[in-house]
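Summary of the model geometry
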Amino acid sequence: EMKKEDKQAATPAVDSELAAQLKQAQESLASQQADFQAMQELMEELSTKLQKAEAALQDNQAAKEALIAEAKAKTLAARKEKVMAAIGENEKADKLLVATEGMDDEAFTAVVSALAGSVEKEAQSEMFKEVGVAAQADAAKVVEKSAVMKALQEKYSKD
């Protein structure tokens, strides 16, 4: 029977110890839940910031691509002017622009300069020089003949 009493006397002490452990575990759980809630809120905030940053990055990328396209169009227009000045407005100019599209500006300028020199040299060659009677000499003769013809017409038209 003593053993039964010892057990009964020990039970309140064990119960008190278990209650203290339970209380400590509940407090620890509440603290961990609060930390978890704070972490979730932080994760949501970071996720929102990440989405905004990604959207800004896409906007910046689109703006960059637009600027690159605009710069390329301006460069192409400037190059077209140079080619037209060098070889004139024709199908060859468009073909040359397509062929030189990937060149840097320095190489393109060298090609156009060489082409312009070639076109100028060709224009001054013997093939393009006028050969024959001068137009002023012919005009003077025509005027004399016209005067003679006029006199003859007057003389013979009276009859």
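Look up: the structure comes first, before these words.
What you see is a predicted model; the values in this text were computed from it and never measured.

All right, on to the pattern of salt bridges then. For the structure shown, the criterion picks out 6 salt bridges. With its nearest N and O atoms 3.4 Å apart, the salt bridge here joins E101 to K72. Of this pair, E101 sits in the loop between α2 (91–99) and α3 (105–123) while K72 sits in helix α1 (residues 2–87); the two residues are 29 residues apart in sequence, bridging distant segments of the chain. For K72, a relative accessible area of 51% puts it in the exposed group. K95 is paired through a salt bridge with E91; the nearest N and O atoms lie 3.1 Å apart. A residue pair is termed a helical-turn pair when its members lie 3 or 4 positions apart in one helix, as K95 and E91 do in helix α2 at 4 residues. In this structure K95 comes out as exposed when scored by relative accessible area, which is 53%.

In this structure the tally under the stated criterion is 0 aromatic pairs. Geometry around F108 places R79 over its ring, the cationic atom sitting 4.3 Å from the centre.

Analysis parameters
Residues numbered from 1 in each chain as written. Predicted model: local features only at pLDDT ≥ 70, side-chain atom pairs only at ≥ 80, totals over all residues. Heavy atoms only, no water. Salt bridge = Lys/Arg side-chain N within 4 Å of Asp/Glu carboxyl O. Helix = DSSP H or I, 4+ residues; strand = E, 2+ residues; numbered from the N terminus. Buried < 20%, exposed > 50% of the residue type's maximum accessible area, 1.4 Å probe, protein only. Phe/Tyr/Trp six-rings, centres within 6.5 Å; stacked < 30°, edge-to-face > 60°. Lys NZ or Arg CZ within 6 Å of the ring centre and 35° of its normal.

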